[in-house]
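Listed here are the chains, written in short residue letters.
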Amino acid sequence: MDAIVELESVSKDYHLGKVVVPAVRDVSLTVRRGDFLAIAGPSGSGKTTLLNLIGCVDVPSAGTVRVAGQDTSRLSERALTDLRLHQIGFIFQSFNLVAVLDVFQNVELPLLLQRGTRARERRTRVMDLLEKVGLQDHLRHRPTELSGGQRQRVAVARALVSRPKLVLADEPTANLDSATGGTIIDLMRELNRNEGTTFLFSTHDAKVMTHATGLVRLQDGRIDPEPGPLPPVTAAAAHLAAVAAPGA
Amino acid sequence: MSPAAPSAPGPDSRLAGLRRRAELLLLLVRLALRNLLASRLKTLIVGGIILFGAVIVVVGTALLDSIDQSMRRSIVGSLAGDLQVYSSASKDELALYGGMTGDPDLAPFPDYSQVKQALQTLPNVRAVVPMGIAEAAASAGNVLDRALERLRDTVRRQQAGDPDPELPRRLAAELAHVRRIVELVQADQQETAALQQESTQDAAAQADLARALAPAFWEGFHEDPLLALEFLENRIAPQALEGTMLWVRYVGTDPEAFATAFHRLEIIQGTAIPRGQRGILLGNLYYEDWCKLKTARRLDRIREKMQVNQQKLAQDEELQRWARESLSQIGEITKQLDPEESRQAVARLQQALPSATPELPALLRQLLTVTDDNFEKHYRIFYEQLAPLLDLYSVRLGESLTIKAFTRSGYLKSVNVRVWGIFQFRGLEKSTFAGYLSVMDLMSFRDLYGYLTADKAEEIRELKAAAGARPLARDEAEAALFGAPPAPGEPGTLSPEAGSPGPTLLVATSASSVIDEEQMLQAGGGGDRRQARLASRVYSPAEIEQGVALNVAVFLKDPSRTAETIQAITELGRARGLPLRAVDWQQAAGMVGQFITLSRLVLLIAVLIIFLIALVIINNAMVIATLQRVQEIGTLRAIGAQRRLILAMLFVEATAVGLLFGLLGALTGAGIIRLIGWIGIPASTDVLYFFFSGPRLHPTLAAGNVVLACGIVLVVSILSSFYPAWLAMRITPRAAMQREE
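Residues numbered from 1 in each chain as written. Chains lettered and ligands numbered in written order. Predicted model: local features only at pLDDT ≥ 70, side-chain atom pairs only at ≥ 80, totals over all residues.

## Quick notes on the pairing of strand β9 (residues 551-556) of chain B
Residues and elements named next belong to chain B.
Part 1: The buried fraction of β9 amounts to five of the six residues, a majority that puts the element mostly inside the structure.
Part 2: Both strand β2 (residues 125-139) and β9 contribute to a ladder of six bridges, which runs antiparallel. In the strand pairing of β9, Ala127 is matched with Phe555. (Buried ≥ 20, exposed ≤ 12 C-beta atoms within 10 Å, placed from the backbone. Helix = DSSP H or I, 4+ residues; strand = E, 2+ residues; numbered from the N terminus. Pairing = 2+ DSSP bridges.)

This is the structure we're talking about:
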């Protein structure tokens with residue numbers, strides 16, 4: 001199985017005035033195609049920074065981040081944006097739908113940005129995904145007319161519509177009650193299984209972690225080698241072979 | 001859609017690319033409109049300002065354009081023509097309506113025919129009119145002159161044996177009138193004497209007055225009426241100084257060419273100046289304002305203000321002042337009336353007012369005491385009952401006006417010109433700029449200007465021959481006359497200008513050796529003869545054209561090609577060695593023409609300020625809006641939108657607001673202009689009357705006004721989105737991850 005994300009001794013420092021804050025320290029990690037990987041850790045442990053680095057939203061201060069085979073530190077701002085557009089889907093903690101667009105338009109947005117798909121195909125793909133997330137009857141609803149869970153479903157559909165290799169989710173259930181959060185994770189897992197999309201999500205919810213096929217624990221910006229209560233994670237490779245590989 | 005096979009992707013894929021680009025733009029527009037709808041307050045504030053600005057631009061520019069056009073009509077149609085040509089050797093720039101320091105100092109064209117002929121070679125020139133504009137003092141006969149004139153007429157009729165039974169009574173009344181006026185002249189002089197030193201009084205003049213007032217003079221009048229009349233005319237009338245002194249502004253021109261080219265000119269009384277003859281046409285407004293009996297004019301103006309401007313005597317101080325002034329000048333009316341006429345006036349006023357008062361002044365006082373209620377009635381009584389007995393105008397048609405001006409060489413020159421008629425420019429009836437101008441024949445103008453016409457030079461030659469005058473050099477003249485150097489200012493000789501071509505022109509070359517040939521002519525006893533000859537003399541077109549003109553009005557076949565023609569005239573002048581300088585009507589009008597330029601400047605500054613404020617406010621509103629959308633923009637960036645897309649999104653938004661409200665504002669402005677155009681802006685002052693080219697300005701809208709407004713608004717809204725767009729561009733995708741806590 002090929003690696004979709006490779007981190008080698010990655011560190012990221014933030015400069016707050018004259019103080020240097022190390023957010024991620026010397027992390028090495030490989031994410032393989034088809035993974036459904038959770039990143040766990042208390043707030044401030046560097047989960048978001050790690051996701052930002054993998055999501056090409058940020059570049060490391062040291063070490064290399066390779067996404068879909070490309071070294072992000074060697075890419076221009078525009079190339080990084082392009083990489084995000086074509087290879088990565090994003091799911092945010094607070095959904096981040098475009099408030100002025102309806103459900104259909106929100107999901108269609110990445111396809112429009114890609115400028116590669118014809119209207120008819122866009123429609124097919126959007127409808128297909130909305131059906132999968134169970135929102136086919138809410139096409140013309142505005143985000144404000146939807147519940148939190150519904151909104152996150154729209155976000156999931158939006159993240160997947162461009163058929164990215166990797167979907168990053170930053171605390172996708174944090175703004176939802178646990179039942180709804182559970183259904184979102186189930187949905188993601190289902191898509192992971194059926195579509196073969198790789199998922200990488202951060203969470204501090206122990207229940208959510210149980211759905212993951214692998215777990216990376218972060219503590220003070222470092223990967224915590226201590227095995228958790230869930231399937232163990234090695235520092236070198238976060239992939240758990242025990243989990244069934246995707247069908248397709 | 002091209003049905004091309006998939007194996008030929010070239011044009012097809014380009015088309016597809018275009019379509020996708022369009023789809024993206026559509027998305028941006030959709031986003032922009034949705035965003036505008038989502039933040040309604042911001043949109044309304046920003047839009048409101050833009051709308052206001054667009055309205056100001058449309059209304060302002062449309063108004064100014066309309067005033068520009070109407071002023072153009074006024075100036076082009078009343079004096080300037082499409083463009084004006086004057087000598088490039090002039091000290092000042094041409095200013096048809098005068099500049100800061102009076103009329104400009106222009107170098108004359110010595111031979112207008114050359115200029116005319118040259119200009120007529122240009123294909124775009126339709127008509128040329130020679131001109132010279134000047135101001136001078138003018139005088140018409142005074143009350144005593146007129147009374148004596150009537151008396152002389154009556155005396156002649158009596159001597160001719162007219163059987164009219166009324167005649168003796170007429171004669172008696174007129175004699176009494178003259179006597180009464182002479183008394184007033186003496187009273188006037190005594191009043192003046194009280195204020196001055198005794199020694200300034202002319203003893204001979206006083207003796208004449210005393211003689212004229214002695215009862216014996218009047219008793220002896222019938223013995224030799226003509227002798228008595230001559231005494232009164234020559235010795236007494238000149239002492240009645242208060243004879244109407246007027247200030248007249250005239251354009252010396254070829255009246256026929258002038259009337260043809262300026263087709264808005266219409267003669268409303270009298271006739272045009274006959275072809276080739278001397279004479280003057282007075283502007284109607286000038287005639288009304290300056291030649292009409294002051295009291296009558298004031299009544300007219302009060303009535304006009306009441307009717308047109310809806311002013312009330314009870315409230316308006318100016319009207320009250322006019323009414324008061326009329327009351328204080330009752331003598332102006334009584335002096336005009338002889339005892340017979342006074343009796344009639346008393347009878348008519350007693351009946352019309354009605355009143356039992358037997359005194360004329362008291363009756364007039366009653367008549368001229370006007371209020372809002374009685375004004376119409378009194379106005380009618382004045383014109384129906386009193387006016388027929390009065391000379392309403394100090395200058396009458398057919399009479400001569402004596403015009404005195406300082407010539408170029410500095411001596412005082414006077415010319416008598418017959419008043420042929422009264423004219424006005426259609427549409428400019430109430431404008432002082434146009435209505436105070438009179439039209440004079442070129443010959444008289446040249447006399448006043450100081451150039452000798454050919455026939456005058458001839459006459460002087462004849463006279464000199466008759467008087468035995470010989471041409472003498474100046475040095476010899478002194479010796480020949482006195483054998484000693486003359487005192488300064490003593491007459492020298494007049495000599496034809498050296499090298500002057502033919503007999504066309506003679507110039508008084510030396511200011512210190514001035515001769516007023518007019519005086520010479522009169523001293524030689526030829527004054528009356530000469531005046532009579534001049535008045536009836538008909539000049540040939542060649543005589544009119546081969547002489548001085550100061551400036552030339554040029555009418556074009558295609559006025560839109562004015563700049564081009566100006567260029568052509570300058571080149572023509574260079575080619576022919578003529579000092580031609582051409583300016584368009586606006587420049588020719590001097591300060592008056594600058595009004596529009598000035599107004600445009602003011603509007604520009606106002607618009608600039610409005611839009612500067614708009615810029616700041618819009619910028620502020622958009623910065624706030626951008627800051628509120630940090631997460632949204634971050635999300636767009638995270639999911640793959642390039643920076644330039646964010647930039648485009650903000651500009652599309654700004655453009656949408658600008659276009660939407662700019663158009664709305666432009667439409668509102670257009671509506672306002674249409675409304676104003678329908679109602680019209682009244683010209684409340686005579687200057688506005690000229691600017692509006694009529695009593696009301698009906699502004700029209702040009703597409704350019706709307707386009708300009710939209711353009712400005714668009715530029716402003718895009719400019720004001722630069723900073724917020726820059727801010728938005730700097731929002732990183734990380735902003736999407738920020739937690740809402």
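Now, onward.
## Topic: the environment of Phe104 of chain A
Residues and elements named next belong to chain A.
Part 1: Along the polypeptide, Phe104 turns up in helix α3 (residues 103-114).
Part 2: Here Phe104 falls in the buried class, since 21 other C-beta atoms lie within 10 Å of it.
Part 3: Considering only alpha carbons, one finds Phe104 and Val126, 22 residues apart in sequence, at a separation of 6.9 Å.
Part 4: Not counting residues up to four positions away in its chain, the partners in contact with Phe104 are Val126, Leu139 and Arg140. (Contact = placed C-beta atoms within 7 Å.)

## A few points about the confidence of the model for chain A
Residues and elements named next belong to chain A.
Part 1: Averaged over all residues, the pLDDT of chain A is 85; the fraction at 70 or higher stands at 90%.
Part 2: Averaged over each element, pLDDT in chain A is lowest for helix α7 (residues 206-209) (83) and highest for strand β6 (residues 88-91) (94).
Part 3: When the criterion is pLDDT under 50, residues 229-248 qualifies, and its contacts beyond four places in sequence or with other chains add up to 37 contacts. (pLDDT = per-residue confidence, 0-100.)

## Some thoughts on the nonpolar core
Residues and elements named next belong to chain B.
Part 1: Ranked by size, the top nonpolar core spans 209 residues in total, and within it Val58, Val85, Ile280 and Val552 carry the most contacts.
Part 2: Here this core gets 17 residues from one element, more than from any other, and that element is helix α2 (residues 40-80).
Part 3: Not counting the four nearest positions on each side in its chain, Ile280 is found in contact with Tyr250, Leu401, Val417, Val419, Trp420, Ser438, Val439 and Met440.
Part 4: The next biggest cluster of nonpolar side chains, apart from the first, holds 17 residues, and it includes Val178, Ala228, Ile236 and Ala237. (Core = buried A, V, L, I, M, F, W, Y, C linked by C-beta atoms within 7 Å.)

## Quick notes on the pairing of strand β3 (residues 36-40) of chain A
Residue and element names in this part refer to chain A.
Part 1: Burial of β3 is extensive: five of the five residues sit out of reach of the surface.
Part 2: Taking every second residue as pointing to the same face, both faces of β3 are buried, with Phe36, Ala38 and Ala40 on one and Leu37 and Ile39 on the other.
Part 3: The pairing of β3 with strand β8 (residues 198-203) spans five bridges and is classified as parallel. Note that in β8 the partner of Leu37 across the bridge is Leu200.
Part 4: As paired elements, β3 and strand β9 (residues 214-219) share four bridges and run parallel to each other. Paired with Leu37 across the bridge in β9 is Gly214.

## Describing helix α8 (residues 225-236) of chain B
Residues and elements named next belong to chain B.
Part 1: Here α8 is twelve residues long and its end C-alpha atoms lie 15 Å apart, about the 16 Å a rise of 1.5 Å per residue gives.
Part 2: Within the sequence span of α8, burial applies to Ala228, Leu232 and Ile236. Down the axis of α8, the sector holding all buried residues measures 40°, keeping them to one side. Facing away from the buried side of α8, by more than 90 degrees, are the exposed residues Leu226, Leu227 and Asn234.
Part 3: Tucked inside the fold, the buried residues of α8 contact α4 (143-159), α5 (167-195) and α6 (203-213). (Expected span 1.5 Å × (residues − 1). Arc of directions from axis to C-beta.)

## Here's the deal with the sheet that holds strand β4 (residues 62-67) of chain A
Residues and elements named next belong to chain A.
Part 1: Strand order across the open sheet formed by four strands is β2-β1-β4-β5, with antiparallel pairing between neighbours. Each edge of the open sheet carries a strand with a single partner, namely β2 (19-32) and β5 (70-71).
Part 2: Pairing geometry for β4 and β5, over two bridges, is antiparallel. Bridged to Val67 within β5 is Gln70.
Part 3: Seen against the sheet, helix α1 (residues 47-54) touches β1 (3-16), β2 and β4 and runs at an angle of roughly 60° to β2. (Axes fitted to C-alpha atoms, helices over the stretch in contact; angles between N-to-C directions.)

## A few points about the sheet that holds strand β7 (residues 166-170) of chain A
Residues and elements named next belong to chain A.
Part 1: Taken in spatial order, the six strands of this open sheet run β6-β7-β8-β3-β9-β10, and their pairing is mixed. In this open sheet, the two strands that pair with only one neighbour each are β6 and β10 (222-223).
Part 2: Here β9 pairs with β10 via two bridges, running antiparallel. Looking at the pairing, Leu218 lines up with Ile223 of β10.

## Regarding the packing of helix α11 (residues 294-308) of chain B against helix α12 (residues 317-328) of chain B
Residue and element names in this part refer to chain B.
Part 1: Running from N to C, α11 and α12 point in directions that differ by 160°, and their axes come no closer than 9 Å. What the angle tells us is that α11 and α12 run roughly antiparallel. Note on packing geometry: the crossing formed by α11 with α12 is left-handed. Together, Thr295, Arg298, Arg301, Ile302 and Lys305 of α11 and Leu319, Trp322, Ala323, Glu325 and Ser326 of α12 make up the contact between the two elements.
Part 2: Split by residue class, the contact of α11 with α12 holds four nonpolar, two polar and four charged. (Parallel < 35°, antiparallel > 145°, perpendicular 65-115°, else oblique. Left-handed = near helix turned anticlockwise from the far one by under 90°. Nonpolar A, V, L, I, M, F, W, Y, C, P; charged D, E, K, R; others polar.)

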